[in-house]
Protein chains: 2
Amino acid sequence: MFKGPVESKNEAAMSELVPEPRQKPVVPMKPTGINTNLLGYIGIDTIIEQMRKKTMKTGFDFNIMVVGQSGLGKSTLVNTLFKSQVSRKSSSWNREEKIPKTVEIKAIGHVIEEGGVKMKLTVIDTPGFGDQINNENCWEPIEKYINEQYEKFLKEEVNIARKKRIPDTRVHCCLYFISPTGHSLRPLDLEFMKHLSKVVNIIPVIAKADTMTLEEKTEFKQRVRKELEVNGIEFYPQKEFDEDLEDKTENDKIRQESMPFAVVGSDKEYQVNGKRVLGRKTPWGIIEVENLTHCEFALLRDFVIRTHLQDLKEVTHNIHYETYRAKRLNDNGGLPPMTVETEENHESNL
Amino acid sequence: MFKGPVESKNEAAMSELVPEPRQKPVVPMKPTGINTNLLGYIGIDTIIEQMRKKTMKTGFDFNIMVVGQSGLGKSTLVNTLFKSQVSRKSSSWNREEKIPKTVEIKAIGHVIEEGGVKMKLTVIDTPGFGDQINNENCWEPIEKYINEQYEKFLKEEVNIARKKRIPDTRVHCCLYFISPTGHSLRPLDLEFMKHLSKVVNIIPVIAKADTMTLEEKTEFKQRVRKELEVNGIEFYPQKEFDEDLEDKTENDKIRQESMPFAVVGSDKEYQVNGKRVLGRKTPWGIIEVENLTHCEFALLRDFVIRTHLQDLKEVTHNIHYETYRAKRLNDNGGLPPMTVETEENHESNL
């Protein structure tokens, strides 16, 4: 990085060159009246590498929630997304578990490491949702859970002696599983998304898309998009949060073509043309979940993990959490929520 | 990124392989009793690239303060660090400016872009420091300025309707210029660093190091380090904030060998062995500021910009700002500071 010592120091090797023709002017933030020019490499872009090193050390949190009727392959899909058993196994259902009588919230945490980067993943499952005879207000316990995480974060944030990194249990992404009926969204689907899209990033997916032909899928997707639009439901990525034209172009494509992702999940491996693939074997062929001509799983995976994960976290923090926080402080006359618990924390930490 | 469609679909090409021998177990965050294994690449490490893209779009703030008696080359050094005229030109002193009668605080902002990354740089100059007949308490206006920036940030942070990105005017780094006397630190040096090291990241530098021979420099550096230690002055990077052994090893080297950096600045270019270099021309040779055998400018530049810039910002936020915030809230009975200004902002934003 440094130049080595210069051996020859005699006058012959030196010649004065001042003033040099100046290069690239820097952009003044406000008119400063100073002539500013760069005289060589500074190292501003090394901030990226410095941030990378910090992230490699600390890792990051990601919390994903799955919602939908039982039997739509929620657990399998999450296991397929993260290529590991991060959600309960559907197979265990037969043995002990039964469909719960009310909606339950189950959060399971794991640390998954890849390329030296640690992700603290929490999968939040919602067994019992949509499985009752009367499913009125069954989105309520889910909204309550989401808000409780905002409240936890807020309490930690307004604490006097607060943690250096506030543990983030907020739901960054909610995968909503639509039944592949080929008809239309059910009232419960609309009701859930209408209420929850205001508090969390919802990504609608069409579950078990292998039950539909290509034509059925295309038509069903169009119909679902139309219904969401007619009902004023804004799913993630929300139009209003596009930050620039690049965002808009990229996200418009997702909003208008990919959504809702028609997916198939699997945690079983098969060999196709000498390659191992995750898939589902049927008498008429193997459905390869990561083959884009078979289903849109790879699109969803790329979207949630490889291109928009950081943005999902930022929209959660900057929009959903901020909305909750502002409402909470307004209701409280501008004062932060103070609880005995908070006070105790504070005293024990000081 | 995706596999292409698989042409051959006949049974011959497929063979069931379940269960596969499972690889690398993921580390469970808490005992979950679930068998977790990775079945291929997920894309967790793409978070780095996603963060890079975000940083390329938003840029980052960096605020650096220079303190020291006039004539120590503060402006020239900052101009050398950022390879541009980001601080007032010392040459203009002769014409209009005079040494101010009290310490003044002058902040100048610029945007410098390199490798597509935008740095919103603010250079905070403190003309008049140490230049009076009686320099008692002349660190006070500087401490006041630093605290005012914390207060601004705090007010914005506790606002109900707060900005998505709080403008950061906090001083991330204070370069303190020590006169190259070869003797010892002056009482004012000790007094300043004693008071300010508690509120800001101080990096002491020996100014105009070209006035010392190699032996004088080595001895003076040792003496300054000893004096700082004896007086209990903790400069940046502070021992207590090393996060792991890697940090400690790297920072110990800086604390025990490099500090205080003996530097020479220049914004003039010369040609040495066919290469353009920033330097100072004397009858006995050219002092190349970026040549490590000539002075430690390159060490300082690498330290402040290329390895520790992000950390300077994080220590400012996590330690100095948090200390200010905790004190402020404690003094206020746990309540955030509320001003008319804050209320107005809030009303107009909602």
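Residues numbered from 1 in each chain as written. Chains lettered and ligands numbered in written order. Predicted model: local features only at pLDDT ≥ 70, side-chain atom pairs only at ≥ 80, totals over all residues. Heavy atoms only, no water.

Quick notes on the overall build of chain A
Across its full length, chain A carries nine helices and 11 strands. Counting only carbon and sulfur atoms, one obtains 53% of the accessible surface of chain A, whose full area is about 16200 Å². (Helix = DSSP H or I, 4+ residues; strand = E, 2+ residues; numbered from the N terminus. Areas by Shrake-Rupley, 256 points an atom, 1.4 Å probe, with all protein chains shown as cover.)

Overview of unusual backbone geometry
Excluding glycine, residues mostly carry a negative phi; peptide bonds, for their part, are mostly trans. All names here are of chain A. The amide bond that connects Tyr-236 to the next residue, Pro-237, takes the cis arrangement and shows omega of 0 degrees. Within the secondary structure, Pro-237 is located in the loop between helix 5 (214–230) and helix 6 (245–258). Backbone geometry at Lys-83 places phi at a positive 50 degrees, although glycine is not the residue there. Its place among the elements puts Lys-83 in the loop between helix 2 (74–81) and strand 4 (106–114).

Remarks on the packing of aromatic side chains
All names here are of chain A. As enumerated under the stated definition, the model contains 16 aromatic pairs over all chains in all. Pairing Tyr-150 with Tyr-321 gives two aromatic rings, centres 6.2 Å apart and planes at 50 degrees, and the pair type is tilted. In this pair, Tyr-150 sits in helix 3 (residues 140–158) while Tyr-321 sits in helix 8 (residues 309–331), placing the two residues 171 residues apart along the sequence. Seen in terms of ring centroids, Tyr-176 and Phe-192 are 4.9 Å apart; in terms of plane orientation they differ by 20 degrees. Their pairing is stacked. (Phe/Tyr/Trp six-rings, centres within 6.5 Å; stacked < 30°, edge-to-face > 60°.)

Section: the pairing of strand 7 (residues 202–206) of chain B
Residues and elements named next belong to chain B. In terms of burial, strand 7 is a largely internal element, five of the five residues being buried. Of the two faces of strand 7, the one carrying Ile-202, Pro-204 and Ile-206 and the one carrying Ile-203 and Val-205 are both buried. By the bridge criterion, five bridges tie strand 6 (residues 173–178) to strand 7 in an arrangement that is parallel. Pairing of Phe-177 across the sheet is with Val-205, part of strand 7. (Buried < 20%, exposed > 50% of the residue type's maximum accessible area, 1.4 Å probe, protein only. Pairing = 2+ DSSP bridges.)

Brief notes about helix 6 (residues 245–258) of chain B
Since there are 3.6 residues in each turn of an α-helix, residues three or four apart along the chain are aligned in direction. Between its terminal C-alpha atoms helix 6 of chain B stretches 19 Å, which fits the 20 Å expected from 14 residues at 1.5 Å a residue. All of the buried residues in helix 6 of chain B are B:Asp247, B:Asn251, B:Asp252, B:Ile254, B:Arg255 and B:Ser258. Contacts made by the buried residues of helix 6 of chain B are with helix 1 (46–58) of chain A together with helix 5 (214–230), strand 8 (261–262) and helix 7 (297–307) of chain B. N-cap assignment for helix 6 of chain B: the residue whose side-chain oxygen lies 3.3 Å from the backbone N of B:Glu246 is B:Asp244. (Expected span 1.5 Å × (residues − 1). Contact = heavy atoms within 4.5 Å. Polar contact = N/O pair within 3.5 Å; in protein donor to acceptor, adjacent residues only side chain to side chain.)

So, helix 1 (residues 46–58) of chain B
Helix length check: helix 1 of chain B, at 13 residues, gives a terminal C-alpha distance of 19 Å against a target of 18 Å (1.5 Å per residue), a fit within 8%. For helix 1 of chain B, the complete set of buried residues consists of B:Thr46, B:Ile47, B:Ile48, B:Gln50 and B:Thr55. The secondary structure elements touched by the buried residues of helix 1 of chain B are helix 1, strand 3 (60–67), strand 5 (117–125), helix 7 (297–307) and helix 8 of chain A. Just beyond helix 1 of chain B, the residue with positive phi is B:Gly59, at close to 70 degrees.

Brief notes about the pairing of strand 9 (residues 269–272) of chain A
Residue and element names in this part refer to chain A. Two strands pair when backbone bridges link them, and strand 9 and strand 10 (residues 275–282) are joined in this way by four bridges, in the antiparallel orientation. Looking at the pairing, Val-272 lines up with Lys-275 of strand 10. As consecutive antiparallel partners, strand 9 and strand 10 are separated by two residues, and within that stretch Asn-273 has a phi angle of approximately 50 degrees, a positive value.

Some words on the pattern of salt bridges
Evaluation of the coordinates by the stated rule reveals 64 salt bridges over all chains. One salt bridge connects A:Lys54 with B:Glu314, and the closest N-O pair in it is separated by 3.4 Å. One end of the pair, A:Lys54, is in helix 1; the other, B:Glu314, is in helix 8 (residues 309–331), on a second chain. On the accessibility criterion, B:Glu314 (21% relative accessible area) is partly exposed. (Salt bridge = Lys/Arg side-chain N within 4 Å of Asp/Glu carboxyl O.)

Concerning the confidence of the model for chain A
All names here are of chain A. Taken residue by residue, chain A gives an average pLDDT of 84. The fraction at 70 or more is 82%. Predicted confidence is poor over residues 1–36, with pLDDT under 50, and the contacts of this stretch with residues over four places away or in other chains come to 83 contacts. Here residues 340–350 scores under 50 on pLDDT; set against residues more than four positions off or in separate chains, the count is nine contacts. Reported confidence for the predicted complex is 0.82 by ipTM and 0.83 by pTM. (pLDDT = per-residue confidence, 0-100.)

A look at the environment of B:Thr80
Residues and elements named next belong to chain B. Considering the arrangement of structural elements, one finds Thr-80 in helix 2 (residues 74–81). Between the C-alpha atoms of Thr-80 and Phe-297, which are 217 residues apart in sequence, the distance is 8.9 Å. Among all residues touching Thr-80, those that are not within four sequence positions of it are Gly-265, Ser-266, Asp-267, Leu-278, Val-289 and Phe-297. Polar contacts involving the side chain of Thr-80 include one to the main-chain amide nitrogen of Ser-266, which spans 2.9 Å.

A short note on the environment of B:Arg225
Residues and elements named next belong to chain B. Here Arg-225 lies in helix 5. Judged by relative accessible area, Arg-225 falls into the buried class, the value being 18%. A C-alpha to C-alpha distance of 8.4 Å links Arg-225 and Arg-255, two positions 30 residues apart in sequence. Within the structure, Arg-225 has its side chain in polar contact with the backbone oxygen of Met-259 (distance 2.7 Å).

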